[in-house]
Amino acid sequence: MKVILLGPPGAGKGTIAKALMQIDGSVQISTGDILRHAIADKTDLGIQIEAAMAAGNLVTDDLIMSIMEQRLLADDCKHGYLLDGFPRTIPQAEALKNLLTKLGEKLDCVLELDVPRDVIFDRLTTRRTCTNCGEIYNVKSKPPTVDGICDVCGHEIVQRDDETEEAIENRLEVYNEQTAPLADFYRKEGLLVSVASSDLDPVLAAIREHMDR
Ligand code: ADP
Ligand code: ZN
């Protein structure tokens, strides 16, 4: 499958992407994970974006597009990909459209997870993330077996810098202003599948219905 996952921070894009990946072998491409790795590795890119990311602001379209132009050429994309956190602005969506035309590729659908704001806020403030593999935990609903340690890879689990209440407020605002308009963009392209849940079953049902059409 070639799918874009759309939805506010905390909607469950990463969790759904990981589940879909198991089902059909598509690779999850999370721009957030790529950027966090760059920061952890202190690369030039990482140093450049660290402050913007900690505040919950977007990284520039040019930077993101140069990352994604490379990423989508990699061999593991041949079996399909789940774009998690990209595109996030109309210019990114337009640039992606041109890129896919150039590569001769077509998206199957754009999956919008339409989850209420209070659910999201609660989820984000209790969320913890593995610094190495990106696995998501939750202090209330999904704690790791050993406190602070990732069950999957054994690395440290932390609360992200951009998961303070202030940064979360800002990320939700940035989402509403810059990313939410993508739903209309993709509705016009006939690609939008909107689901008012982040549970796997209704999501799968909606994707299958769209793809059978
Ligand atoms: P979430 O979807 O939970 O907000 P992500 O891990 O997708 O978290 O993104 C975290 C941060 O990474 C964003 O707040 C932003 O600073 C940056 N980022 C990720 N993807 C993009 C993108 N496509 N364009 C611009 N900035 C991005
Ligand atoms: Zn891990």
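We now turn to the structure provided with this report. These numbers come from a predicted model, not from an experiment. (Residues numbered from 1 in each chain as written. Chains lettered and ligands numbered in written order. Predicted model: local features only at pLDDT ≥ 70, side-chain atom pairs only at ≥ 80, totals over all residues. Heavy atoms only, no water.)

Where helix α4 (residues 61-71) contacts helix α5 (residues 90-103), the two axes come as close as 10 Å, and the packing angle between them is 30°. With respect to α5, the element α4 is oriented roughly parallel. The handedness of the crossing between α4 and α5 is right-handed. In this structure, α4 uses Asp-61, Ile-64, Met-65, Met-68 and Glu-69 to contact α5, whose residues at the interface are Pro-91, Gln-92, Ala-95, Leu-96 and Leu-99. Grouping the amino acids of the contact of α4 with α5 by side-chain chemistry returns seven nonpolar, one polar and two charged. (Axes fitted to C-alpha atoms, helices over the stretch in contact; angles between N-to-C directions. Helix = DSSP H or I, 4+ residues; strand = E, 2+ residues; numbered from the N terminus. Parallel < 35°, antiparallel > 145°, perpendicular 65-115°, else oblique. Left-handed = near helix turned anticlockwise from the far one by under 90°. Contact = heavy atoms within 4.5 Å. Nonpolar A, V, L, I, M, F, W, Y, C, P; charged D, E, K, R; others polar.)

Let us look at the sheet that holds strand β6 (residues 136-138). Taken in spatial order, the three strands line up as β6-β5-β7 in an open sheet, and their pairing is antiparallel. Each edge of the sheet is formed by a strand with only one pairing partner; in this case those strands are β6 and β7 (157-158). When strand β5 (residues 127-130) meets β6, the two strands line up antiparallel, connected through three bridges. Bridge assignment links Arg-127 to a residue of β6, and that residue is Asn-138. (Pairing = 2+ DSSP bridges.)

Quick look at the state of the cysteines now. For the structure shown, the criterion picks out zero disulfides. You can see Cys-77 has no disulfide; the closest cysteine sulfur is in Cys-109, sitting 17 Å from it. By relative accessible area, Cys-77 is classed as buried at 2%. (Disulfide = S-S within 2.5 Å. Buried < 20%, exposed > 50% of the residue type's maximum accessible area, 1.4 Å probe, protein only.)

With that settled, the discussion passes to unusual backbone geometry. Negative phi is the rule for most residues except glycine; trans is the rule for most peptide bonds. Going from Phe-86 to Pro-87, the amide bond is cis rather than trans, its omega being -5°. Positionally, Pro-87 belongs in the loop between β3 (81-84) and α5. For Lys-42, which is not glycine, the phi dihedral falls at a positive 55°. Of note, Lys-42 is situated in the loop between α2 (31-40) and α3 (44-54). The class of Lys-42 is exposed, set by a relative accessible area of 63%.

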